[in-house]
Amino acid sequence: MTSESDILTLSNLFETVKKSILLVLAIIVAFAAVGALYSFFFIKREYSASASLIVTVKPEPTVKTIVSSDGKTYTITDDSVLNAENSAASYACWIAGNSLAFFNRDNKVIYSEAIKKYEELHKNDAKHTPIKVDFVGKSVSVSSQSSQIFVSYSSTASDPDKMLKCIIESFLAKINEEDETGESVFKPFSGRITVLSEPCLDETNGRFGSIVKYTLVFAVLGFVVAFCVVVVKTLKNAKKKREKND
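The following refers to the structure shown. Quick caveat: nothing in here was measured; it's all calculated off a predicted structure.

### A look at the overall build of the protein chain
Argument step 1. Helix and strand content of the protein chain: 8 helices and 6 strands.
Argument step 2. The 246 residues of the protein chain split such that 28% are buried.
Argument step 3. Look at the contacts in the protein chain between residues 6 or more apart in sequence, and 73% of them connect residues 24 or more apart.
Argument step 4. On the protein chain, roughly 16,300 Å² of surface is accessible, and the fraction owed to carbon and sulfur atoms is 57%.

Right, here's the structure in full:
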């Protein structure tokens with residue numbers, strides 16, 4: 001008795017493809033068209049903006065002044081002072097790394113203040129849709145390298161740079177916060193972080209890039225479906241031939 005593995009051969013598949021080439025192409029083209037239409041009508045364009053901050057820590061060398069017996073003054077720099085700049089740089093890296101916690105998506109204080117600032121910019125825009133705190137937290141990406149902090153924000157709104165600016169302003173206001181006595185609440189961070197590059201829109205592929213992406217994905221899906229159709233047709237044709245021979 002002939003099994004399916006005996007009748008499902010590459011030659012049989014190739015023969016079926018040649019006979020059904022129009023059907024295979026039609027399936028792939030149809031799926032690609034569906035992908036393009038889906039992307040055009042249902043996938044919103046995403047915009048993103050990025051900015052960078054820098055941590056500055058001033059070296060604080062310890063200088064010793066010695067007055068000799070003859071009244072001359074000598075200034076002596078201790079060995080540890082020679083490493084003051086390196087120590088300051090290391091401390092700046094530590095501050096940059098630990099400042100990322102302020103951008104945690106659960107830190108709703110900063111994002112709430114940022115949203116207030118952003119909504120104020122759009123108070124006269126009738127088409128503007130209010131933004132939720134959770135959405136903003138999930139849309140922020142932050143990292144640090146050396147003494148620099150890199151922040152980015154993605155949104156379907158066309159002005160993510162404005163929201164990112166509001167987020168950074170809220171962050172700086174928070175780390176420079178003072179208590180009732182005028183003391184800094186976050187002493188290691190206060191006055192040491194400034195904006196290195198203002199928020200700006202990143203280059204994106206826009207809607208065209210999204211259409212190409214989904215067209216290719218659906219075309220591949222169409223190819224898989226077409227392959228399955230070819231396999232089924234090959235099996236049916238082979239079985240018909242076998243029954244005919246029998």
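### Regarding unusual backbone geometry
Argument step 1. Notably, S146 is not glycine yet its phi reads approximately 60°, a positive angle.
Argument step 2. One can find S146 in the loop between strand 4 (140-145) and strand 5 (148-155).

### Details of the packing of helix 5 (residues 108-121) against helix 7 (residues 160-175)
Argument step 1. In contact at an axis separation of 8 Å, helix 5 and helix 7 are set at 135° when each is read in the N-to-C sense. By the angle between their directions, the pair helix 5 and helix 7 is classed as oblique. By crossing handedness, the relation of helix 5 to helix 7 is classed as right-handed. Contact residues: helix 5 offers V109, I110, Y111, E113, A114, I115, K117, Y118 and L121, while helix 7 offers K162, M163, C166, I167, E169, S170, F171 and K174.

### Overview of helix 5
Argument step 1. Over its 14 residues, helix 5 extends 20 Å from the first C-alpha to the last, a length consistent with the 20 Å expected when each residue adds 1.5 Å.
Argument step 2. When we look at burial in helix 5, the residues that qualify are I110, Y111, A114, I115 and Y118. For helix 5, the angular spread of buried residues about the axis comes to 130°, placing them on one side.
Argument step 3. As for helix 5, its buried residues are in contact with helix 6 (133-139), strand 4 and helix 7.

### Things to note about the pairing of strand 1 (residues 47-55)
Argument step 1. Pairing geometry for strand 1 and strand 5, over 8 bridges, is antiparallel. Residue pairing for strand 5: L53 is matched across the bridge by I149.
Argument step 2. Sheet analysis places strand 1 next to strand 6 (residues 193-201), joined by 6 bridges and oriented antiparallel. When the bridges of strand 6 are listed, S50 appears paired with C200.

### Comments concerning the sheet that holds strand 6
Argument step 1. Spatial strand order, 4-5-1-6: 4 strands in an open sheet with antiparallel pairing. Lying at the two open borders of the sheet, with one neighbouring strand each, are strand 4 and strand 6. Mean inter-strand twist for the sheet, computed between neighbouring axes without regard to direction, equals 15°.
Argument step 2. The strands touched by helix 7 are strand 1, strand 4, strand 5 and strand 6; relative to strand 6, the strand with the most contacts, the crossing angle is about 170°.

### Quick notes on the layout of surface pockets
The probe, sized like a water molecule, is rolled over the atoms to show the empty space still left.
Argument step 1. The calculated volume of the largest pocket comes to roughly 380 Å³.
Argument step 2. In terms of lining, the largest pocket is formed by 16 residues, of which the most central are T129, I131, S155, T156 and A157.
Argument step 3. Tallied by class, residues from the lining of the largest pocket come to 5 nonpolar, 6 polar and 5 charged.

### Comments concerning the nonpolar core
Argument step 1. One finds V55, V136, M163, I167, F171 and I193 to be the most contacted residues of the largest nonpolar core, which totals 32 residues.
Argument step 2. At the level of elements, strand 1, helix 4 (84-98), helix 5, strand 5 and helix 7 are the ones that each hand at least two residues to this core.
Argument step 3. The greatest single-element share of this core, amounting to 8 residues, is contributed by helix 7.
Argument step 4. In contact with V55, not counting residues within four places along its chain, are A92, I95, A96, S147, I149, R192 and I193.
Argument step 5. Core analysis: the next-biggest nonpolar cluster, separate from the first, contains 7 residues, I27, A226, V230 and V231 among them.

### Concerning the pattern of salt bridges
Argument step 1. With the rule as written, the count across this model stands at 5 salt bridges.
Argument step 2. Linking K108 and D134 is a salt bridge whose minimum nitrogen-to-oxygen distance equals 3.6 Å. Here D134 lies in helix 6 and K108 lies in helix 5, a separation of 26 residues in the sequence.
Argument step 3. The exposure class of K108 is partly exposed, given its relative accessible area of 42%.
Argument step 4. On the basis of relative accessible area, D134 is assigned to the partly exposed category, the value being 42%.
Argument step 5. In this structure, K123 and E120 form a salt bridge, with 2.9 Å as the shortest nitrogen-oxygen distance.

Calculation notes
- Residues numbered from 1 in each chain as written.
- Predicted model: local features only at pLDDT ≥ 70, side-chain atom pairs only at ≥ 80, totals over all residues.
- Heavy atoms only, no water.
- Helix = DSSP H or I, 4+ residues; strand = E, 2+ residues; numbered from the N terminus.
- Buried < 20%, exposed > 50% of the residue type's maximum accessible area, 1.4 Å probe, protein only.
- Contact = heavy atoms within 4.5 Å.
- Areas by Shrake-Rupley, 256 points an atom, 1.4 Å probe, with all protein chains shown as cover.
- Axes fitted to C-alpha atoms, helices over the stretch in contact; angles between N-to-C directions.
- Parallel < 35°, antiparallel > 145°, perpendicular 65-115°, else oblique.
- Left-handed = near helix turned anticlockwise from the far one by under 90°.
- Expected span 1.5 Å × (residues − 1).
- Arc of directions from axis to C-beta.
- Pairing = 2+ DSSP bridges.
- 1 Å grid on protein atoms, 1.4 Å probe; cavity = no way out; pocket = protein on both sides within 12 Å on 5 of 7 lines; lining within 4 Å.
- Points joined across faces, edges and corners; volume = space filled by probe spheres on them.
- Nonpolar A, V, L, I, M, F, W, Y, C, P; charged D, E, K, R; others polar.
- Core = buried A, V, L, I, M, F, W, Y, C linked by side-chain atoms within 4.5 Å.
- Salt bridge = Lys/Arg side-chain N within 4 Å of Asp/Glu carboxyl O.

Keep in mind these numbers describe shape, not what the thing actually does.
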